[in-house]
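# Fold and contact review
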Amino acid sequence: MTPITTTAELAAFCDRLKGQPFVAVDTEFMRETTYWPKLCLIQAATPRDEAVIDPMAEGMDLEPFLEIMRDESILKVFHAARQDVEIFNNLKAMPRPLFDTQVAGMAAGFGEQIAYDALVRQMLKIELDKSSRFTDWARRPLAESQLTYALADVTHLAKLYPMLRERLEKENRLIWVTDEMQALTDPANYDVVPENAWKRLKPRRHTAKYLAVYKAVAAWRERTAQQRDQPRGRILKDEAIDEVATQAPTDAAGLDRLRSVPKGFSGSKFGPDLLEAIREALKNPEAYAPVVERAKTTSSPAAGAVVELLKVLLKARAEDTGVASKLIATVSDLEMIANDDEADSQALKGWRLEAFGADALRIKRGELALVLDGARVRVVEVRRAPKSAG
């Protein structure tokens, strides 16, 4: 197998992709030692054409393929798309519209976050060769077996997509996954603006001083990781951000006293810049601190028990419908519903309301009960005794 290694070859391949209803796409990348993923291969296939593209080839310009990713007349099919989408978003080519076969599998009865090889095995009755699974994709040249392994990720995907789509349409569930697919291409999910880095973390306090330093340290770490192209954790661990924000050290001695900060950190190339970021945030913490909504506390002692009931109901409804419970509702959804019948929860909207939310509210009102029937849980109507005339 010969991969595409020139821009002219890539342009010719992409010309053949134009006008196709969909293209199956996968990427191979490395990021264990970097902040930015290093794109090593792109695989693409339609029912009529297929190719492995080498982005690392000298002089390669990916623009012809990026145009395909931006072309909204062509559906892009991925499996477990998030990291692939991140790569194309970084290249300013958000792949819209998108179909994720892992999300679709959750709605089609294949369980939680089904792996690609398991989906191929169950739907196509093919056992994938995993011998090249741990390939260093940045090395050149790649062996024939490695290229064949990589291409299989999209040739089978191009066969899976029509089958999954037909199955969802037949069961009137295609709309169930539409919102999930659209969310995957929301640029906010891939925001790398340093000042927003704190949003991916979990601040433990709510004072202006703490939050100001927390935001400043998270932004400093993000900016430093980007500039040095190193993983965030190699610059500073998450737990260190919390301790720095709690203690708010403004000099080297204070920074060195922190247990979660590496020994001698203040004297390293990072220390002075980090201390400067802290001092800058402390000049006006009220203005710099982000607004963080406090998590709602349980409104009543019974709410905890209601959540447990709703977990059982969710499991029962997931089994009844053959839909992964994670796609129907999260623990956060259950907690919101337990505290508020009119909560702004996805589980109380659209198809989820019909599949689960309406029954969740009826459980709270005592109109439904959960009954163990052998190994399964059934949901039954509660018969209320008629009121006596006297």
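A brief look at the structure comes next. Residue numbers run consecutively from 1 along every chain, following the written order of its sequence. Per-residue local features are limited, in this predicted model, to residues with pLDDT of at least 70; the limit for side-chain atom pairs, both in listing and counting, is 80 or more; totals at the level of whole chains, interfaces and linings are taken over all residues. Water and hydrogen atoms were dropped before computing side-chain values, which therefore reflect all heavy atoms in the structure.

## As for the packing of helix α8 (residues 208-228) against helix α12 (residues 271-282)
- Fitted lines through C-alpha atoms give the axes, limited to the stretch in contact for helices. The angle between two N-to-C directions lies from 0 to 180 degrees. Runs of E in the DSSP output that reach at least two residues are strands. Runs of H or I that reach at least four are helices, and both are numbered from the N terminus. For the pair α8 and α12, the least separation of the axes is 9 Å and the interaxial angle reads 145°. As α8 packs across α12, the resulting crossing turns out to be right-handed. Facing α8, whose interface residues are Lys 209, Ala 212, Val 213, Ala 216, Val 217 and Trp 220, α12 presents Asp 273, Leu 274, Ala 277, Ile 278, Ala 281 and Leu 282.
- Polarity classes work like this: nonpolar for Ala, Val, Leu, Ile, Met, Phe, Trp, Tyr, Cys and Pro, charged for Asp, Glu, Lys and Arg, and polar for all others, with Gly in that last group. Residues belonging to the contact of α8 with α12 are distributed by class as follows: 10 nonpolar, no polar and two charged. In a left-handed crossing the near helix is turned counterclockwise from the far helix by less than a right angle, and in a right-handed crossing that turn is clockwise. Should any heavy atoms of two residues lie within 4.5 Å, those residues are counted as being in contact.

## Some remarks on the sheet that holds strand β3 (residues 50-53)
- Spatially, β3-β2-β1-β4-β5 is the arrangement adopted by the five strands of the open sheet, whose pairing is mixed. The sheet is open, and its two borders are formed by β3 and β5 (98-100), each paired with just one other strand. Across the sheet, the mean angle separating the axes of adjacent strands is 25° when strand polarity is ignored.
- Judged from the seven bridges that link them, strand β1 (residues 22-30) and strand β2 (residues 38-45) form a sheet pairing that is antiparallel. Looking at β2, one finds that Val 25 is bridged to Ala 44.
- Sheet strands touched by helix α3 (residues 82-90): β1, β2, β4 (75-78) and β5. Its angle to β1, the strand with the most contacts, is close to 85°. When DSSP locates at least two bridges between a pair of strands, those strands are taken to pair.

## Thoughts on the nonpolar core
- The set of buried Ala, Val, Leu, Ile, Met, Phe, Trp, Tyr and Cys residues whose side-chain atoms join them within 4.5 Å is what this entry labels a nonpolar core. Burial classification: accessible surface area is computed with a 1.4 Å probe over protein chains only, and a residue below 20% of its type maximum counts as buried, one above 50% as exposed, and the rest as partly exposed. Core analysis: the biggest nonpolar cluster contains 96 residues, and Ile 53, Phe 65, Met 69, Phe 99 and Phe 356 have the highest contact counts within it.
- Those residues in contact with Met 69 that lie beyond four places of it in its chain are Val 23, Val 25, Lys 76, Phe 78, Phe 88, Ala 93, Met 94, Pro 95 and Arg 96.
- Counting residues in hydrophobic clusters, the runner-up holds 32 residues, among them Val 213, Ile 241, Phe 270 and Ala 277.

## A closer look at the environment of Leu 201
- By the element assignment, Leu 201 lies in the loop between α7 (174-184) and α8.
- Residue Leu 201 is classed as buried on the basis of its relative accessible area of 15%.
- Once the C-alpha coordinates of Leu 201 and Lys 215 are considered, the two residues, 14 residues apart in sequence, prove to be 9.8 Å apart.
- Excluding its chain neighbours within four sequence positions, the residues that come into contact with Leu 201 are Tyr 214, Ala 218, Arg 221, Asp 238 and Ile 241.

## Here's the deal with the side chain of Lys 76
- Relative to the assigned elements, Lys 76 resides in strand β4.
- In this tally, Asp and Glu contribute negative charge and Lys and Arg positive charge; neither His nor the terminal groups of the chain are included. Put simply, a salt bridge is a Lys or Arg side-chain nitrogen that is within 4 Å of an Asp or Glu carboxyl oxygen. Buried charge without a partner: Lys 76 forms no salt bridge, and the closest opposite charge is Asp 71, 5.8 Å away.
- Think of a polar contact as two N or O atoms within 3.5 Å of one another; within protein, one of them needs to be a possible hydrogen donor and the other a possible acceptor, and neighboring residues in sequence only count if both atoms come from side chains. Within the structure, Lys 76 has its side chain in polar contact with the backbone oxygen of Ile 68 (distance 3.4 Å).
- Engagement of the side chain of Lys 76 in a polar contact is seen with the backbone oxygen of Arg 96, the distance being 2.7 Å.

## Some details on the packing of aromatic side chains
- When the centres of two rings from Phe, Tyr and Trp lie within 6.5 Å, Trp using its six-membered ring, the rings pair. Their planes under 30 degrees apart give stacked, over 60 give edge-to-face, and anything left gives tilted. What the rule picks out here adds up to 11 aromatic pairs.
- On the basis of an interplanar angle of 80° and a centroid distance of 6.4 Å, the ring pair of Trp 220 and Phe 265 is categorised as edge-to-face. Linking Trp 220 in helix α8 with Phe 265 in the loop between α11 (252-256) and α12, this pair joins segments that are 45 residues apart in sequence.
- By relative accessible area, Trp 220 is classed as buried at 5%.
- The interplanar angle of 80° and the centroid separation of 6.0 Å between the aromatic rings of Trp 220 and Phe 270 together place this pair among those described as edge-to-face.

## A look at unusual backbone geometry
- Following Arg 96, the chain continues to Pro 97 via a peptide bond in cis, the omega torsion being -10°.
- Locating Pro 97 in the fold gives a position in the loop between α3 and β5.
- Of note, Gln 113 is a non-glycine position whose phi angle comes to about 45°, a positive value.
- Examined against the element boundaries, Gln 113 turns out to sit in the loop between α4 (101-107) and α5 (116-124).
- The class of Gln 113 is partly exposed, set by a relative accessible area of 45%.
- Here Lys 125, not a glycine, exhibits a phi torsion of approximately 60°, which is positive.
- Within the element layout of this structure, Lys 125 appears in the loop between α5 and α6 (144-170).

## Here we look at the environment of Gly 366
- Structurally, Gly 366 is set in the loop between α17 (350-365) and β6 (368-373).
- The class of Gly 366 is partly exposed, set by a relative accessible area of 27%.
- On a C-alpha basis, the gap between Gly 366 and Arg 383 in space is 10.0 Å, while along the polypeptide they are 17 residues apart.

## Here we look at the pattern of salt bridges
- Going through the model one piece at a time under the given rule, you end up with 31 salt bridges.
- A salt bridge links Glu 319 to Arg 376; its shortest N-O distance comes to 3.9 Å. Pair noted here: Glu 319 is in helix α14 (residues 303-321) and Arg 376 is in strand β7 (residues 376-381), with a separation of 57 residues, a long-range link.
- On the basis of relative accessible area, Arg 376 is assigned to the partly exposed category, the value being 42%.
- Here the residues in one salt-bridge network are Lys 315, Arg 317, Glu 319, Asp 320, Asp 359 and Arg 376, joined through shared partners.

## Brief notes about α12
- In this scheme, a helix's expected span is set at 1.5 Å multiplied by one less than its residue total. A rise of 1.5 Å per residue sets the reference length of α12, with its 12 residues, at 16 Å; its end C-alpha atoms lie 17 Å apart and thus fit the reference within 8%.
- Buried within α12 we find Gly 271, Leu 274, Leu 275, Ala 277, Ile 278 and Ala 281. One side of α12 carries all its buried residues, which in axial view fall inside an arc of 155°. This arc is built from the directions going out from the helix axis to the C-beta atoms.

## Section: the pairing of β7
- Bridge count for β6 against β7 is six bridges, and the pairing is antiparallel. Note on β7: the bridge partner recorded for Val 371 is Arg 378.
- Counting the residues that bridge the hairpin from β6 to β7 gives two residues, and of these Gly 374 lies at a positive phi of roughly 70°.

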